[in-house]
Amino acid sequence: PACIGVDLGGTKIAAARVEPNGYLTSRVRMETRAREGPERVLERISEAIRNVMAGGEVDGIGVASPGPLDARTGTILSPPNLPGWDRVPLKAELEQKFGVPVRVENDANAAAWGEYLWGAGMNSDPLVYITVSTGIGSGLVVNDRLLRGADTFAGELGQMVLEPSRAQGGHLRDGTLEGLASGTAIDALAAEAAGPGSRIWKLAEADGERPRAEHVFAALKEGDPDAEAIVEKVIHYLAVGVANAIHFLNPRRIVIGGGVAKAGDRLFTPLRERVEEWLMPSFVGTYDILPSALGDDAGILGAAALWEEGKK
Ligand code: ADP
């Protein structure tokens, strides 16, 4: 029968029943209220699961969670966007509560797995999945399995050091791919470049918001030079990351998701061109760079299907 997929995020919890064919039913969504701490958040996760479980028997529960986490034991270590969490044994707690097998996986890994089974990465092995959102996360599928590494921490392309003179280890730090090209980095560049009267500023003001990545891409459409400079910089760093990943893994596809990927062709067309400029000739034409097909559902779908690894 079906499995339950849970997507635990810093702001929302989503859960759904996922049928064996990837069909997603009886979905629930609620706020995480992460500031209330692990116990209250665990209660809400359980509530979400109980809600979708009411639809009938399930074989298991998969949870996509912010990392770092230990996917073998299903222990959440101390994610930057889950304050107060420190070695929370999520798998053990949920197994005890619901009496079915539970798997816990890093959210970017789960999304990579979802895209590989049912999305833009279908039949593409190896697959590189990159999410460009608040930070930059990634997941790698190799030989029909997620590549997890010795401690299940593998695949952190967002931590790739691109500007060593400015780099420090850690979440969203300077000099790393995510420090230079995540949504947060673009938001910061937007705020820096957009003086009152600039196009980016006006678009943000019309939305009643501070300048963000979305306003940069909207201003780009109108040929705004500030937006062109920002997007040029971001594409430069994303292309370095993608070209390095291609040389490293010789993937069949690179799928890019997350909020920033919603910018569409204005991002993907120049990114494809730039990546190709940096490749060894033998790699040219061996891969595709595509936007995510599952969007926000990738994590839920992938988490619910973790038992499918290595079955092909
Ligand atoms: P989260 O990290 O919470 O999952 P998202 O994946 O939505 O959030 O990523 C948020 C980032 O994506 C923000 O920096 C936001 O400005 C950016 N973003 C959202 N929509 C778009 C869009 N249409 N074009 C470009 N950037 C976008």
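Small disclaimer: the values here were computed from a predicted structure and weren't measured. (Residues numbered from 1 in each chain as written. Predicted model: local features only at pLDDT ≥ 70, side-chain atom pairs only at ≥ 80, totals over all residues. Heavy atoms only, no water.)

### Examining the packing of helix H8 (residues 225-249) against helix H9 (residues 265-277)
Each pair of packed helices can be summarised by the angle the axes make with each other and by the distance between the axes.
Link 1 in the chain: Contact geometry of H8 with H9 gives a least axis separation of 9 Å together with a crossing angle of 55 degrees. With respect to each other, H8 and H9 are oriented oblique. Here H8 runs over H9; the crossing is right-handed. Of H9, the residues touching H8 (which contributes Glu232, Ile235, His236, Leu238, Ala239, Val242, Ala243 and Ile246) are Arg266, Leu267, Pro270, Leu271, Arg274 and Val275.
Link 2 in the chain: Classifying every residue of the contact of H8 with H9 gives 10 nonpolar, 1 polar and 3 charged. (Axes fitted to C-alpha atoms, helices over the stretch in contact; angles between N-to-C directions. Helix = DSSP H or I, 4+ residues; strand = E, 2+ residues; numbered from the N terminus. Parallel < 35°, antiparallel > 145°, perpendicular 65-115°, else oblique. Left-handed = near helix turned anticlockwise from the far one by under 90°. Contact = heavy atoms within 4.5 Å. Nonpolar A, V, L, I, M, F, W, Y, C, P; charged D, E, K, R; others polar.)

### A few points about the sheet that holds strand S7 (residues 102-106)
Link 1 in the chain: A sheet is described by the order of its strands in space; here 5 strands give the open sequence S3-S2-S1-S4-S7, paired in mixed fashion. Single-partner strands in this sheet number two, and they are strand S3 (24-31) and S7. Pairwise comparison of adjacent strand axes, ignoring direction, gives a mean angle of 15 degrees for this sheet.
Link 2 in the chain: Two strands pair when backbone bridges link them, and strand S4 (residues 58-65) and S7 are joined in this way by 5 bridges, in the parallel orientation. Looking at S7, one finds that Ala64 is bridged to Glu105.
Link 3 in the chain: Strand contacts of helix H3 (residues 107-118): strand S2 (12-18), S4 and S7, with the helix running at about 100 degrees to S7, the strand carrying the most contacts. (Pairing = 2+ DSSP bridges.)

### Some thoughts on the site of the ligand
Link 1 in the chain: With respect to spatial proximity, 13 residues lie near the ligand, and among them Ser133, Thr134, Asp187, Glu214 and Gly259 are the closest.
Link 2 in the chain: Here an oxygen atom of the ligand sits 3.5 Å away from a polar atom, N or O, in the side chain of Ser133.
Link 3 in the chain: The separation between an oxygen atom of the ligand and a polar main-chain atom of Ala213 is 3.5 Å.
Link 4 in the chain: Within the complex, 69% of the 570 Å² of free accessible area of the ligand lies under protein.
Link 5 in the chain: Secondary-structure elements contributing two or more residues to the shell around the ligand are helix H5 (183-193) and helix H7 (213-221).
Link 6 in the chain: Among the elements that make up the shell around the ligand, the one with the highest residue count is H7 (3 residues).
Link 7 in the chain: Class assignment for the residues of the shell around the ligand results in 4 nonpolar, 5 polar and 4 charged. (Near = heavy atom within 4 Å. Polar contact = N/O pair within 3.5 Å; in protein donor to acceptor, adjacent residues only side chain to side chain. Areas by Shrake-Rupley, 256 points an atom, 1.4 Å probe, with all protein chains shown as cover.)

### Regarding the side chain of Glu115
Link 1 in the chain: Its location among the elements puts Glu115 in helix H3.
Link 2 in the chain: As a buried residue without a salt bridge, Glu115 has its nearest oppositely charged side chain in Arg253, at a separation of 8.2 Å.
Link 3 in the chain: Those residues in contact with Glu115, other than ones at most four positions away along the chain, are Ala120, Gly121, Met122, Tyr129, Val255, Ser292, Ala293, Leu294, Gly295 and Ala298. (Buried < 20%, exposed > 50% of the residue type's maximum accessible area, 1.4 Å probe, protein only. Lys, Arg positive; Asp, Glu negative; His and termini not counted. Salt bridge = Lys/Arg side-chain N within 4 Å of Asp/Glu carboxyl O.)

### Remarks on the sheet that holds strand S10 (residues 145-146)
In a beta sheet, neighbouring strands pair by backbone hydrogen bonds and run either parallel or antiparallel.
Link 1 in the chain: Reading across from one edge, S10-S9-S8-S11-S12 is the order of the 5 strands in this open sheet, with mixed pairing throughout. Every other strand in the sheet has two partners, leaving S10 and strand S12 (288-291) as the edge strands with one partner each.
Link 2 in the chain: Bridge count between strand S8 (residues 127-132) and strand S11 (residues 253-257): 5 bridges; the pairing is parallel. Opposite Leu127, over in S11, you have Arg253 as the bridge partner.
Link 3 in the chain: Against the sheet, H8 touches S8, strand S9 (136-142), S11 and S12, its axis set at about 160 degrees to S8.
Link 4 in the chain: Each of S11 and S12 is contacted by H9, which is oriented at about 160 degrees to S12, the strand it contacts most.

### Things to note about the packing of aromatic side chains
Link 1 in the chain: Counted according to the given criterion, the structure contains 1 aromatic pair.
Link 2 in the chain: Taken together, a centroid distance of 5.1 Å and an interplanar angle of 35 degrees make the contact between Trp113 and Tyr116 tilted. Residue Trp113 and its partner Tyr116 are both found in helix H3; the two are separated by 3 residues, about one turn of the helix.
Link 3 in the chain: Judged by relative accessible area, Trp113 falls into the buried class, the value being 0%.
Link 4 in the chain: Taking the ring centre of Tyr116 as reference, the NZ or CZ of Lys312 above it sits at 4.7 Å. (Phe/Tyr/Trp six-rings, centres within 6.5 Å; stacked < 30°, edge-to-face > 60°. Lys NZ or Arg CZ within 6 Å of the ring centre and 35° of its normal.)

### Digging into the pattern of salt bridges
Side chains bearing opposite charge may pair, as long as their charged atoms lie close to each other.
Link 1 in the chain: Tallying each qualifying case throughout the model produces 19 salt bridges.
Link 2 in the chain: Among the ionic pairs, Arg274 bridges to Glu232, the shortest N-O distance being 3.3 Å. Highlighted residues: Arg274 in helix H9 and Glu232 in helix H8, separated in sequence by 42 residues.
Link 3 in the chain: On the accessibility criterion, Arg274 (17% relative accessible area) is buried.
Link 4 in the chain: With its nearest N and O atoms 3.6 Å apart, the salt bridge here joins Lys311 to Glu308.
Link 5 in the chain: Using a relative accessible area of 57% as the deciding quantity, one classes Lys311 as exposed.
Link 6 in the chain: When salt bridges that share partners are traced, they join Glu31, Arg33, Glu36, Arg40, Glu43 and Arg44 into one network.

### Section: the confidence of the model for the protein chain
Link 1 in the chain: Here the protein chain shows a mean pLDDT of 95. Residues at 70 or above account for 98%.
Link 2 in the chain: The ipTM, which scores confidence in the relative placement of chains, is 0.97 for this predicted complex, and the corresponding pTM is 0.96. (pLDDT = per-residue confidence, 0-100.)

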